[in-house]
Amino acid sequence: MISANDLTPAELAALLHFHAEAGVDWLLEDEAVDRFAEFEAMKAARRAAAPAQPERLAQSQSEAPSRPAAPQQRAATPAPASRPQPAIPDGEAVQQARFAAESARSLAELKTALEAFNGCNLKNSARSTIFASGDPASGIMVIGPAPGADDEREGTAFAGRQGQLLDRMLASIGLDRSAILLTQIIPWRPPGNRMPSAAETEICRPFIERQIALAEPRAILLLGNYTARFFFGENDTIHGLRGRWKEIAVADQVIPAIASLHPQDLLTAPVNKRLAWSDLLAFQARLRSLSLLTN
């Protein structure tokens, strides 16, 4: 076992950070502690205390003098609880989304329309609406699946650790997130980071397709399994879809696109970084052939 005295402050901080991410709640103590026995004792104490509470409550109610309720108390009625807005049928919501998206004549108008749209139930639980950021005139677009907790907290796509990794990935081929258009298919974080349902996907589809139509990118990098399936219309995994150029049709545009692993996939399985690097080099070569990247 490695002693803390043998570690530098930086190594010790990194080790503690690793343990915290792994869910470690307790450190070693001077004397052994039987946590299982502690838990059993706590449960036994709660079971012993549980029957006594109804008895004390019944006794206090029987001893309390009976008093008639005041007139205003008898007449008072509880305030009605706020109710969520009624759900819009999926088909109607898709039509509303299509109308709102196609009515926008610029990305700024599309953002306003998206923020005002209430036809997707994901918006009811989300803290913020995540829209495209960066330079729409670059001709380069990077698209991910849906916001995560960090994205929702910071109000931007690809935030937190996965965003930091994406920044390094882009920098490795001479790109910066501020110089490309960075966006996601789903603008609202699904509860618990679950996968969007088929209905939610179709409701959000008009908005991401309108983003592409307005930005007119000349090459697109798709990140993650959900994103690749969405645009390629295939059910293979990201390992079967990545690394091959395909053409996607949006409005009257046909755009070359290549899929790669999502930064979160690489944080989970760093061994796959070699695959992502190969995809990035292919993306870089295409950008150079289109004169979108000169360095």
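Located above this text is the structure these notes cover.
Here the residue index of a chain counts from 1 through its sequence in written order. A pLDDT threshold of at least 70 governs which residues receive local features in this predicted model, and a stricter bar of 80 or more applies before side-chain atom pairs are shown or counted, although totals over entire chains, interfaces and linings include all residues. In computing side-chain values, all of the structure's heavy atoms are included and hydrogens and water are not.

### Some words on the nonpolar core
Soluble globular proteins tend to pack their nonpolar side chains together in the buried interior.
Here comes step 1: Here, the term nonpolar core denotes a set of buried Ala, Val, Leu, Ile, Met, Phe, Trp, Tyr and Cys residues that are joined through side-chain atoms within 4.5 Å. Throughout this description, buried means an accessible area under 20% of the type-specific maximum (1.4 Å probe, protein chains only), exposed means over 50%, and partly exposed covers the range between. The biggest cluster of nonpolar side chains holds 69 residues, and the ones touching the most others in it are Ile 143, Leu 175, Ile 220, Phe 231, Phe 232 and Phe 283.
Here comes step 2: Going along the chain from the N terminus, every DSSP run of H or I of four or more residues is numbered as a helix, and every run of E of two or more is numbered as a strand. Ranked by the residues each element gives to this core, the list is headed by helix H10 (residues 198-215), at 6 residues.
Here comes step 3: Pairs of residues are marked as contacts when any of their non-hydrogen atoms sit within 4.5 Å. Not counting residues within four places of it along the chain, the set of residues in contact with Ile 220 comprises Met 141, Ile 143, Ile 212, Trp 245, Ile 248, Ile 255, Pro 256, Ala 257, Ile 258 and Phe 283.

### Details of the packing of aromatic side chains
Here comes step 1: In this analysis, rings of Phe, Tyr and Trp, with Trp reduced to its six-membered ring, are considered paired at centre separations within 6.5 Å, and the interplanar angle assigns stacked below 30 degrees, edge-to-face beyond 60, and tilted for intermediate values. Evaluation of the coordinates by the stated rule reveals 4 aromatic pairs.
Here comes step 2: An aromatic cluster of at least three residues, connected via ring pairs, comprises Tyr 226, Phe 230 and Phe 231.
Here comes step 3: As a reminder, the over-ring test applies to NZ of lysine and CZ of arginine, requiring each to be within 6 Å of the ring centre and within 35 degrees of the ring normal. Between the NZ or CZ atom of Arg 205 and the centre of the ring of Phe 230, over which it lies, the distance is 4.1 Å.

### Digging into the sheet that holds strand E6 (residues 253-260)
Here comes step 1: Taken in spatial order, the 6 strands make up an open sheet running E1-E3-E2-E4-E6-E5, and their pairing is mixed. Each edge of the open sheet is held by one strand with a lone partner, namely strand E1 (133-134) and strand E5 (246-250).
Here comes step 2: For two strands to count as paired, DSSP must find a minimum of two bridges between them. Taken together, the 5 bridges between E5 and E6 define a ladder with antiparallel strand orientation. Directly across from Glu 247, in E6, lies its bridge partner Pro 256.

### Let's talk about the environment of Ile 220
Here comes step 1: Among the structural elements, Ile 220 can be located in strand E4 (residues 219-223).
Here comes step 2: Taking the C-alpha atoms as reference points, Ile 220 and Phe 283, separated by 63 residues in sequence, lie 8.5 Å from one another.

### Some details on the layout of surface pockets
Here comes step 1: Only protein atoms enter the 1 Å grid used here. Points where a 1.4 Å probe fits but cannot escape make up a cavity, open sets with protein on both sides within 12 Å along at least five of seven lines make up a pocket, and a residue lines them when an atom lies within 4 Å of a point. Grid points are joined across faces, edges and corners, and a volume is the space filled by probe spheres set on the points. Considering only enclosed or pocket space, the largest pocket measures out at about 510 Å³ in volume.
Here comes step 2: If you trace the largest pocket, you find 21 residues lining it, with Ala 146, Gln 162, Asn 193, His 262 and Gln 264 closest to the centre.
Here comes step 3: Elements with a contribution of two residues or more to the lining of the largest pocket: helix H8 (149-154), helix H9 (160-172), helix H11 (225-232) and helix H13 (263-268).
Here comes step 4: It is H13 that provides the largest number of residues to the lining of the largest pocket, a total of 3 residues.
Here comes step 5: Only Asp, Glu, Lys and Arg are considered charged in this grouping, and only Ala, Val, Leu, Ile, Met, Phe, Trp, Tyr, Cys and Pro are considered nonpolar; every other residue, Gly among them, is considered polar. Of the residues assigned to the lining of the largest pocket, the class counts are 10 nonpolar, 7 polar and 4 charged.

### Structural notes on helix H5 (residues 90-103)
Here comes step 1: Helix span, as expected, comes to 1.5 Å for every residue beyond the first. Taking 1.5 Å as the rise per residue, H5 with 14 residues should run 20 Å; its terminal C-alpha atoms sit 20 Å apart, in good agreement.
Here comes step 2: All of the buried residues in H5 are Ala 93, Val 94, Ala 97, Ala 100 and Ala 101. End-on, the buried residues of H5 take up no more than an arc of 130 degrees, which puts them together on one face. In H5, the exposed residues that point more than 90 degrees away from the buried face are Gln 95 and Phe 99. Here the arc refers to the set of directions running from the helix axis out to each C-beta atom.

### Quick look at the pattern of salt bridges
Here comes step 1: Here, a salt bridge means any Lys or Arg side-chain nitrogen found within 4 Å of an Asp or Glu carboxyl oxygen. The full count for this structure, using the stated rule, is 8 salt bridges.
Here comes step 2: Among the ionic pairs, Glu 200 bridges to Arg 194, the shortest N-O distance being 2.8 Å.

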